[in-house]
Amino acid sequence: MATTKKKRPKMKLQCEVCKKVNYHTNKTQEMIVAGTKMSLKKFCKSCRKHTVHKEGKK
Ligand SMILES: [Zn+2]
């Protein structure tokens, strides 16, 4: 029985300050539907502080 795997688009979360990709996450359906670019405050190891992380380009 063949199961159809739904593609889950991967997303990079890139630090706005140093442009380093610190997190990888899967896009949720809601995010895709909304079509908005995420921006989250996350901890950046390079900056050693919480910075804004945005969806990184491929
Ligand atoms: Zn950073």
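Look up: the structure comes first, before these words.
Okay, so let's go over this structure.

Cut-offs used in this document
- Residues numbered from 1 in each chain as written.
- Predicted model: local features only at pLDDT ≥ 70, side-chain atom pairs only at ≥ 80, totals over all residues.
- Helix = DSSP H or I, 4+ residues; strand = E, 2+ residues; numbered from the N terminus.
- Rg over C-alpha atoms; globule rule 2.2 N^0.38 Å.
- Buried ≥ 20, exposed ≤ 12 C-beta atoms within 10 Å, placed from the backbone.
- Contact = placed C-beta atoms within 7 Å.
- Pairing = 2+ DSSP bridges.
- Axes fitted to C-alpha atoms, helices over the stretch in contact; angles between N-to-C directions.

A separate point is the overall build of the protein chain. Counting its secondary structure elements, the protein chain contains 1 helix and 4 strands. Ordered by position from the N terminus, the helices and strands of the protein chain form the series β-β-α-β-β. Rg of the C-alpha trace for the protein chain: 14 Å, well past the compact-globule value of 10 Å for 58 residues, more than 25% over. Considered along the principal axes of its C-alpha atoms, the protein chain spans approximately 50 × 25 × 15 Å. Across the 58 residues that make up the protein chain, the buried fraction comes to 10%. Here the analysis covers contacts within the protein chain between residues at least 6 apart in sequence; of these, 47% occur between residues at least 24 apart.

Spatial strand order, E2-E1-E4-E3: 4 strands in an open sheet with antiparallel pairing. Edge positions in the sheet fall to strand E2 (21–26) and strand E3 (39–44), since each of these pairs with one other strand and no more. For this sheet, the mean angle separating the axes of adjacent strands, direction not counted, is 35°. As judged from the 3 bridges shared by strand E1 (residues 10–15) and strand E4 (residues 49–55), these two strands associate in the antiparallel manner.

This brings us to unusual backbone geometry. The phi torsion at Lys19 lies on the positive side, around 65°, for a residue other than glycine. Along the chain, Lys19 falls in the loop between E1 and E2. Lys19 gets classed as exposed once you count the C-beta atoms within 10 Å, which come to 10. Positive phi outside glycine occurs at Arg48, with the angle close to 60°. With respect to the helices, strands and loops of the structure, Arg48 is situated in the loop between E3 and E4. Of the residues examined, Arg48 has 8 C-beta atoms within 10 Å and is grouped as exposed.

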